[in-house]
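The residues making up each chain are set out below.
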Amino acid sequence: MPVIRSADAVVFEIHGATFRSYASSAAGSKELCFWRTELPDVGTGLPHRVSREEVFAVIEGRVQLTLDGEAHVLGVDDIAVVPAGASLRLDNLGPGPAALWVSTSTGLEAELEDGSRMCPPWAA
């Protein structure tokens with residue numbers, strides 16, 4: 001069983017957020033991905049549709065998860081389950097930074113509002 005130390009997390013920065021990847025296919029996981037999302041400033045996230053179910057667990061701050069047009073305010077220790085095919089946007093409500101643990105199955109794809117698709121490397 002592989003052990004991924006905090007210092008070994010692979011860091012990605014995109015759209016004003018930081019993604020610290022711990023478990024992914026690149027790290028030896030065959031089925032699951034697990035990462036920490038950090039939102040340093042109050043702000044609006046990028047709307048996108050996900051191809052796989054995701055679980056979000058807030059560990060710092062306060063966020064708003066808009067899921068298929070319905071807004072949900074989440075604080076520390078709140079969990080949200082996002083179904084495959086759902087449209088979502090994650091906003092940091094502040095004050096201060098927000099952080100979440102996120103998990104999904106390998107191979108997640110995100111479709112952006114303009115129809116472009118991305119395969120985030122932290123969810124590969």
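A. Structural context of the pattern of salt bridges. The final tally for this structure, using the stated rule, is 6 salt bridges. In this structure, Arg20 engages Glu38 in a salt bridge whose closest nitrogen and oxygen atoms are separated by 2.9 Å. With Arg20 in strand 2 (residues 17–23) and Glu38 in strand 3 (residues 32–39), the pair connects residues that are 18 residues apart, well separated along the chain. Here Arg20 falls in the partly exposed class, since its relative accessible area comes to 28%. As a salt-bridge pair, Arg117 and Glu111 come within 3.1 Å of each other at their nearest N and O atoms.

B. Representation of the environment of Pro97 within the structure. Along the chain, Pro97 turns up in the loop between strand 9 (87–92) and strand 10 (98–105). As for Pro97 and Pro120, which are separated by 23 residues in sequence, their C-alpha atoms are 22 Å apart.

C. Molecular detail of the sheet that holds strand 11 (residues 110–112). Taken in spatial order, the 6 strands make up an open sheet running 7-6-9-4-11-12, and their pairing is antiparallel. At either margin of the open sheet sits one strand with a lone partner, and together these are strand 7 (70–74) and strand 12 (117–118). In this sheet, strand 11 lies alongside strand 4 (residues 48–50) in antiparallel orientation, the contact comprising 3 bridges. Paired with Arg49 across the bridge in strand 11 is Glu111.

D. Structural detail: the layout of surface pockets. Within this model, the largest pocket holds a volume of roughly 510 Å³. Along the wall of the largest pocket there are 28 residues; nearest its centre are Ala17, Phe19, Thr37, Leu46 and His48. Counting only elements with at least two residues in the lining of the largest pocket, the list comes to strand 2, strand 3, strand 4, strand 5 (54–60), strand 9 and strand 11. Of the residues assigned to the lining of the largest pocket, the class counts are 18 nonpolar, 8 polar and 2 charged.

Criteria and cut-off values
- Residues numbered from 1 in each chain as written.
- Predicted model: local features only at pLDDT ≥ 70, side-chain atom pairs only at ≥ 80, totals over all residues.
- Heavy atoms only, no water.
- Salt bridge = Lys/Arg side-chain N within 4 Å of Asp/Glu carboxyl O.
- Helix = DSSP H or I, 4+ residues; strand = E, 2+ residues; numbered from the N terminus.
- Buried < 20%, exposed > 50% of the residue type's maximum accessible area, 1.4 Å probe, protein only.
- Pairing = 2+ DSSP bridges.
- 1 Å grid on protein atoms, 1.4 Å probe; cavity = no way out; pocket = protein on both sides within 12 Å on 5 of 7 lines; lining within 4 Å.
- Points joined across faces, edges and corners; volume = space filled by probe spheres on them.
- Nonpolar A, V, L, I, M, F, W, Y, C, P; charged D, E, K, R; others polar.

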